[in-house]
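Chain residues, written in single-letter form:
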Amino acid sequence: MQSLTDRKKVVGNKEMTFKEKLYLPAIFKGMGITFSHLFRKHNTLRYPEVKREFAPVYRGQHVLKRDEQGRENCTACGLCAVACPAEAITMVAGERQKGEEGLYREEKYAEMYEINMLRCIFCGLCEEACPKEAIFLTDRLVPSTFERDEFIYGKELLVEDVNLRIDITKRQLTGKRTEK
Ligand code: SF4
Ligand code: SF4
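Residues numbered from 1 in each chain as written. Chains lettered and ligands numbered in written order. Predicted model: local features only at pLDDT ≥ 70, side-chain atom pairs only at ≥ 80, totals over all residues.

*Asks:* For this particular structure, what's the right way to read the overall build of the chain?
*Replies:* When its secondary structure is counted, the chain shows six helices and five strands. From first element to last, N terminus to C terminus, the chain shows the α and β order α-α-β-α-β-β-α-β-β-α-α. Its C-alpha atoms give the chain a radius of gyration of 27 Å, clearly above 16 Å, the size a compact globule of 180 residues would have. Along the first, second and third principal axes, the C-alpha set of the chain runs to 90 × 50 × 35 Å. Looking at the 180 residues of the chain, the share that counts as buried comes to 17%. Relative to all contacts within the chain whose residues are 6 or more apart in sequence, the contacts with residues 24 or more apart total 74%. (Helix = DSSP H or I, 4+ residues; strand = E, 2+ residues; numbered from the N terminus. Rg over C-alpha atoms; globule rule 2.2 N^0.38 Å. Buried ≥ 20, exposed ≤ 12 C-beta atoms within 10 Å, placed from the backbone. Contact = placed C-beta atoms within 7 Å.)

*Asks:* Looking at this structure, how should I read the nonpolar core?
*Replies:* Most often, soluble globular proteins keep nonpolar side chains buried together rather than apart. Core analysis: the biggest nonpolar cluster contains 21 residues, and Leu-64, Cys-74, Cys-80, Ile-89, Cys-126 and Ile-135 have the highest contact counts within it. At the level of secondary structure, the elements contributing two or more residues to this core comprise strand 1 (62-64), strand 3 (108-116) and strand 4 (135-137). At four residues, strand 3 tops the list of elements feeding residues into this core. When residues no more than four places from it in sequence are discounted, the contact partners of Cys-74 are Leu-64, Tyr-109, Ala-110, Tyr-113, Lys-132, Ala-134 and Ile-135. (Core = buried A, V, L, I, M, F, W, Y, C linked by C-beta atoms within 7 Å.)

Below, the structure is given as structure tokens:
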């Protein structure tokens, strides 16, 4: 068979010496290398007890923000979905009904809004595209799970709790925008 390159290595099959047959020198040599690592600086952390500090502009789990009155900012315009290179965002727009003025800021809102976290590459383009300051990436990690379905985040996981607001100002101030 013709090879792609001329590089080849002849593998020797010489008899092992008595010292090699004992294996002990090789074992002690290996243990010495392992032992020497005890005194070196560790590059690993004892996660989850110790957590690595993230960069201030780290992009993690998204949040759909509410305004000061607790109304959802998102108007289901779809710009975030169009901007998403991973096609991770899907939504269904709904029309605000009379009496729902306290729930949704504008006449149109996202009846359904989903992000597939397995597709998402956390590029932040959805955040960039949003004209309503509705979607932001945060410094939260997306928790791991064994079920693929559990990575589809709906509004129940994305929209912030009225009484438990997600502070995105730190990351935004370090980046480029301020929260409105
Ligand atoms: S961060 Fe990027 S990949 Fe993830 S949903 Fe937003 S636009 Fe799509
Ligand atoms: S998050 Fe922003 S860009 Fe996406 S649909 Fe809602 S308002 Fe539009």
